[in-house]
Amino acid sequence: MKKQEDYYQLEDFGMVKKFDIHIHINTSETHFIEQAVEDNFYFLDIVDDRPFGLPMEKQQEFALLHLNNFPQQMEFATTFPVSDWAEKDWVQNTIADLEQSFAKGASAVKIWKNIGMDLRDENGAFVMVDHPRIDSVLTYLTRKGEPLLGHNGEPRDCWLPLEEMTFSQGYYSEHPEYHMYLHPEYPSYEDQITARDNMLQKHPELNFMGAHLGSLEWSLDELSKRLDAYPLMRVDLTRMPNLKLHTLKNRQKTRNFFMTYQDQLIYGTDSAINPTDNPGELKQRIHEKWLDGWKFFATDAPINLKGFGELRGLKLPRQVIDKIYFENASKLLGFKTRE
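Report on the accompanying structure.

With that out of the way, let us pick up the sheet that holds strand β8 (residues 265–266). Pairing is parallel across the open sheet formed by nine strands, whose spatial order is β8-β7-β6-β5-β4-β3-β2-β1-β9. Two strands in the sheet have a free side with no partner beyond their single neighbour: β8 and β9 (271–273). Inspection of the sheet shows strand β3 (residues 74–79) paired to strand β4 (residues 108–111) by three bridges, in the parallel sense. In the strand pairing of β4, Thr79 is matched with Lys110. Where helix α7 (residues 189–202) meets the sheet, it contacts β5 (148–150), β6 (208–210) and β7 (233–236), and its direction lies at approximately 165 degrees from that of β6. This element, helix α12 (residues 279–298), spans β1 (18–25), β2 (41–46) and β9 of the sheet and lies at about 165 degrees to β9.

Before going further, it helps to examine the nonpolar core. Formed by 86 residues in total, the largest nonpolar core has its most connected members in Phe32 and Phe297. No other element matches the seven residues that α12 contributes to this core. Discounting chain neighbours no more than four positions away, the residues touching Phe32 are Ile23, Ile25, Phe43, Ile273, Leu282, Ile286 and Trp290. Core analysis: the second largest hydrophobic core is formed by 15 residues, Leu44, Met209, Leu332 and Phe335 among them.

Further remarks concern helix α3 (residues 90–104). The terminal C-alpha atoms of α3, which comprises 15 residues, lie 21 Å apart, in line with the 21 Å expected from a rise of 1.5 Å per residue. Within α3, the full set of buried residues consists of Trp90, Val91, Thr94, Leu98, Ser101 and Phe102. End-on view of α3: buried residues confined to an arc of 105 degrees, all on one side of the axis. Among the exposed residues of α3, those oriented more than 90 degrees off its buried face are Gln92 and Ala103. Taken together, the buried residues of α3 touch α2 (56–69), β3, β4 and α5 (132–144). In the stretch just after α3, Gly105 is the one whose phi turns positive, near 125 degrees.

Moving on to the environment of Phe258. By secondary structure assignment, the location of Phe258 is in helix α11 (residues 251–260). Considered as a pair, Phe258 and Leu316 are 58 residues apart in the sequence and their alpha carbons are 8.0 Å apart. If we ignore the near neighbours within four places in the chain, the residues touching Phe258 are Leu237, Leu243, Leu265, Phe297, Leu314, Leu316 and Val320.

Here strand β10 (residues 302–305) shows a buried face lined by Ile303 and Leu305 and an unburied face lined by Pro302 and Asn304. Strand direction decides the pairing type here: β10 and strand β11 (residues 309–312), joined by four bridges, are antiparallel. The residue of β11 that forms the bridge with Asn304 is Glu310.

With that settled, the discussion passes to the packing of α12 against helix α13 (residues 318–333). Taken N-terminus to C-terminus, the directions of α12 and α13 make an angle of 145 degrees; their axes are 11 Å apart at the nearest point. In the crossing of α12 with α13, the sense of the turn from one axis to the other is right-handed. Packed against α12, whose contacting residues are Trp290, Gly293, Trp294, Phe297 and Ala298, the element α13 presents Ile321, Ile324 and Tyr325 at the interface. Considered class by class, the residues forming the contact of α12 with α13 number seven nonpolar, one polar and no charged.

Moving on: the pattern of salt bridges. Counted under the stated rule, the structure contains 15 salt bridges. The salt bridge involving Lys202 is made with Asp135; its shortest N-O contact spans 2.6 Å. Highlighted residues: Lys202 in helix α7 and Asp135 in helix α5, separated in sequence by 67 residues. With relative accessibility at 14%, the residue Asp135 sits in the buried group. Asp197 is the partner of Arg196 in a salt bridge, and the nearest nitrogen-oxygen pair spans 3.0 Å. Put simply, Arg196, Asp197, Glu222, Lys225 and Arg226 are held in one network by salt bridges that share partners.

This part covers the packing of aromatic side chains. The full count for this structure, using the stated rule, is 29 aromatic pairs. Ring plane angle 65 degrees and centroid distance 6.0 Å describe the contact between Phe52 and Trp112, whose orientation is recorded as edge-to-face. Taken together, the residues Phe52 in the loop between β2 and α2 and Trp112 in the loop between β4 and α4 (114–117) connect sequence positions 60 residues apart. By relative accessible area, Phe52 is classed as partly exposed at 43%. Note that Lys17 overlies the ring of Phe326, its terminal NZ or CZ placed 4.9 Å from the centroid. A cation over an aromatic ring shows up here: Arg120 above the ring of Tyr186, its NZ or CZ 5.5 Å from the ring centre.

Backbone geometry places Leu213, a non-glycine residue, at a positive phi of 55 degrees. Here Leu213 shows up in helix α8 (residues 211–214). Accessibility expressed as a relative area gives 0% for Leu213, which makes it buried. At Lys315, a residue that is not glycine, the phi angle is positive and equals roughly 45 degrees. Within the fold, Lys315 resides in the loop between β11 and α13.

Along helix α9 (residues 220–229), the positions that sit buried rather than exposed are Leu220, Leu223, Ser224, Arg226 and Leu227. Buried residues along α9 cover an arc of 165 degrees about the axis, so they all sit on one side. Looking at the buried positions of α9, the neighbouring elements they touch are α7, α8, β7, α10 (240–249), α11 and β8.

The rules behind the values
Residues numbered from 1 in each chain as written. Predicted model: local features only at pLDDT ≥ 70, side-chain atom pairs only at ≥ 80, totals over all residues. Heavy atoms only, no water. Pairing = 2+ DSSP bridges. Helix = DSSP H or I, 4+ residues; strand = E, 2+ residues; numbered from the N terminus. Contact = heavy atoms within 4.5 Å. Axes fitted to C-alpha atoms, helices over the stretch in contact; angles between N-to-C directions. Core = buried A, V, L, I, M, F, W, Y, C linked by side-chain atoms within 4.5 Å. Buried < 20%, exposed > 50% of the residue type's maximum accessible area, 1.4 Å probe, protein only. Expected span 1.5 Å × (residues − 1). Arc of directions from axis to C-beta. Left-handed = near helix turned anticlockwise from the far one by under 90°. Nonpolar A, V, L, I, M, F, W, Y, C, P; charged D, E, K, R; others polar. Salt bridge = Lys/Arg side-chain N within 4 Å of Asp/Glu carboxyl O. Phe/Tyr/Trp six-rings, centres within 6.5 Å; stacked < 30°, edge-to-face > 60°. Lys NZ or Arg CZ within 6 Å of the ring centre and 35° of its normal.

If you want it as structure tokens, here you go:
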């Protein structure tokens, strides 16, 4: 018989140590970190080589500022640029830059979707994540024991017509330039996943986490295949609407997935923390997002998925919650247990 003490309750939220593996802080303001302390959350601040918003240098500046002031509350992931990809010494320069970032406190490296969806070589061909030059960087990370976080490709919706999308119609209707269905000359969804899988096959000892459910958010079966094939692969749980939809369609299958892969799943929200004139609103929004995740994973309370219907939370056992909310992040990033 299952005992009540085998499970957490909604009211346990604030008493349990938790880790959010996917945060982007784009400000020197500390409102978000204050809320993290209040909600007993630790987090990874991720730097991206993205072409919009803050440049990666400024993102890293904020990350180092907060790491210096809140060293017990956070970790940070650095990245590397590809703007100088054509330079013959790109590999050596990239490794040298990463060495400097690790010396300053970085505990992981992020590789972004610009590799595979934007960067091209001297012949105009897309550079994919399994490119030989990137292999050299990944060999270095493997030797150092440093983890790689991979945002490879996009949700499968990106390559579908608007009417066939599950959750992304609004975004891609407003940003057709990013809607890959309209750009068949770009690499396909399957090209992105195949390149990522090739990368992992070539680097079986690489400590890797696939962002956004490894871009396999649409199919627990496909995701399971990769988690079986690559034992060192983890994924973050930042596609919450997809997880809720899987639960709505087949709660037992979804719960079994979490039980089976409990050592390879890590909680995250992909929250972007920007400057604000309303700190209270930001704190409340973050708190509610975190509490909603806890309700879904830790309880069997009713939850409404807008546009689809009502489901019940997964009510995962306490030991599984402890893994996906803290222990797996600790193992991936190599930090000591927080007190």
